[in-house]
Structures are given as structure tokens and as C-alpha cells.
Amino acid sequence: MKYLITALLCAFTTLPAQAATVTLDLTSNAPAFADRSVDSGDTVSAVPFSLTVQSVQTLDNSPAFSLSSGLMLGRSIGFIVSLDLVFNIDTVIDTYGVSSASQGGGSFQISGSNGTSGLNAFQTPGTNVFEMGTIPVFLAGQTYTLTHDASVAFLNAFGLSSPPPVAPVPVPASLPLLLAGFGTVALLRRRARRRI
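Computed from a prediction, not measured in an experiment: that's the story for all the values here.

1. With respect to the pairing of strand S7 (residues 92-101)
Of the pairings in the sheet, the one linking S7 to strand S13 (residues 152-161) comprises 7 bridges and is antiparallel in character. Residue pairing in the sheet places Gly97 in a bridge with Ala157 of S13. Examined bridge by bridge, S7 and strand S11 (residues 126-129) share 4 bridges and lie antiparallel to one another. Across the sheet, residue Tyr96 finds its bridge partner in S11, namely Asn128.

Listed below in C-alpha cells is the structure:
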């Protein structure tokens, strides 16, 4: 009986972990992009998150650039057409930052084996809410491809957080009644033994 009580106390006192929220800098201020270039294998970090860039594609395979405005996305020489992203831990993108964009702005999406994000627009400079779409979480070690339709845009940050903890299984409404019943039966058996 004391083991049952201990188990119930542990189940009811388990608290969910606090989700970390950080801003990942994608400008040339980040050490990985300090040389103002974006190369496959560059890794930007904001503890506990890190993001590695792979398969950077530009127009005519020219070098890709990051300025103090952010990653240069577009359809001109030196602008990124697409790139692959790999996170070190399971990650949720909450926000993204836009420094500026050309008239019409355009949008970007990130897709991988477990889904595709919604269309995230470049029209509003500043911090914008990221639309996760069908991706529940960006999985650690998986490759996700960022594509866009902007002619000129600058992506300067991602706001990242840990996925929410798995919700605890709710206690059935009948559990307290069942425990009360077992307690009553145990009490009656104890009294019956004393009388004999």
C-alpha cells in the first residue's frame, strides 16, 4: 500500500520542464558568418541550440553572403536561392526576423521528411511569427530545405524554443473511486481478521 501511495505522489508532483527560448543571429555579427560568407558547414549557435547550414545554392554557384542585415536571399548573384538547415536538438521556430525586402517581398518555406512549414512572408521588416505548417518539430540531425520566391530579402534571425513537454496522461475520473473501494475492502478485511 505504501508503494501505491508513493507512486501516486510522484505522478501528481511531476512538473513539466521549462522551454528555452533564444534568438539565433543570422547576420554577419554571428561568428560563423563573420567573414560575410555563408558556406556549407557553417554553424550558428545560441545555447542550447545550434544550426548548421549545408548545400548553399546561389545563382550561377557564386559565393553566398551574409551582411549585418542578415542572410541575403534572392535571385541575384551572391544571393541565396536555397539552403539546407540541420538543428542539433529538437527545435520549434517561434519567430523570424526580416531586415528588409524588395517590393512585393515574397515568402519562404522550410520542408523536410516530417512536413512543410507554412508560407512565411518577407513583407514586414522586424520580428514575425513563424508558421510551422505541418511540421510539429524540427528533428535533431534531420535535413530541412529552405526555399523562397523573393527577388531580394534579408533573413536576420530565428527565435527558437524547445518543443513542449509531452502532456501527462490524465487521471481517469473513476481512479479516486477505485482507490477508495480498495481501501474500504482492505479495512473491512482487517476488521474481520480481528474478530476471528
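2. Section: unusual backbone geometry
Residue Pro48 follows Val47 across a cis peptide bond; omega there is 5°. Inspection of the secondary structure assignment puts Pro48 in the loop between strand S2 (43-46) and strand S3 (49-58). Positive phi outside glycine occurs at Arg36, with the angle close to 70°. The topology assignment puts Arg36 in the loop between strand S1 (21-25) and S2. With a relative accessible area of 47%, Arg36 lands in the partly exposed category. Even without being a glycine, Ser55 presents a positive backbone phi close to 45°. You can see Ser55 is positioned in strand S3. Accessibility expressed as a relative area gives 37% for Ser55, which makes it partly exposed.

3. Here's the deal with the side chain of Thr27
Topologically, Thr27 is positioned in the loop between S1 and S2. Judged by its relative accessible area of 7%, Thr27 falls in the buried class. Setting aside residues no more than four positions away along its own chain, Thr27 makes contact with Phe33, Ser66, Leu67, Ser68, Ser69, Gly70 and Asn156.

4. Some thoughts on a positive patch on the surface
On the surface, Arg190, Arg191, Arg194 and Arg195 cluster together into a positively charged patch. Judged by relative accessible area, Arg191 falls into the partly exposed class, the value being 48%.

5. A few points about the environment of Glu131
Relative to the assigned elements, Glu131 resides in the loop between S11 and strand S12 (143-148). The class of Glu131 is partly exposed, set by a relative accessible area of 43%. On a C-alpha basis, the gap between Glu131 and Asn120 in space is 6.3 Å, while along the polypeptide they are 11 residues apart. Apart from the residues within four sequence positions on either side, Glu131 is in contact with Ser117, Gly118 and Asn120.

6. Structural notes on the packing of aromatic side chains
As enumerated under the stated definition, the model contains 9 aromatic pairs in all. Ring centres 6.3 Å apart and planes at 85° place the aromatic pair Tyr96 and Phe130 in the edge-to-face group. Here Phe130 lies in the loop between S11 and S12 and Tyr96 lies in strand S7, a separation of 34 residues in the sequence. This pair shows no difference in class: Tyr96 is buried, exactly as Phe130 is. Centre to centre, the rings of Phe130 and Phe138 are 6.3 Å apart; their planes meet at 55°, and the pair counts as tilted. The same class applies to Phe130 and to Phe138, which are both buried. Three or more aromatic residues joined by ring pairs make a cluster, and in this case those are Phe87, Tyr96, Phe108, Phe122, Phe130, Phe138, Tyr144 and Phe158.

Reading the values: the criteria
- Residues numbered from 1 in each chain as written.
- Predicted model: local features only at pLDDT ≥ 70, side-chain atom pairs only at ≥ 80, totals over all residues.
- Heavy atoms only, no water.
- Pairing = 2+ DSSP bridges.
- Helix = DSSP H or I, 4+ residues; strand = E, 2+ residues; numbered from the N terminus.
- Buried < 20%, exposed > 50% of the residue type's maximum accessible area, 1.4 Å probe, protein only.
- Contact = heavy atoms within 4.5 Å.
- Patch = residues over 30% accessible without salt bridge, like charges linked within 9 Å, V, L, I, M, F, W, Y side chains within 5 Å.
- Areas by Shrake-Rupley, 256 points an atom, 1.4 Å probe, with all protein chains shown as cover.
- Salt bridge = Lys/Arg side-chain N within 4 Å of Asp/Glu carboxyl O.
- Lys, Arg positive; Asp, Glu negative; His and termini not counted.
- Charge placed at Lys NZ, Arg CZ, Asp CG, Glu CD.
- Phe/Tyr/Trp six-rings, centres within 6.5 Å; stacked < 30°, edge-to-face > 60°.

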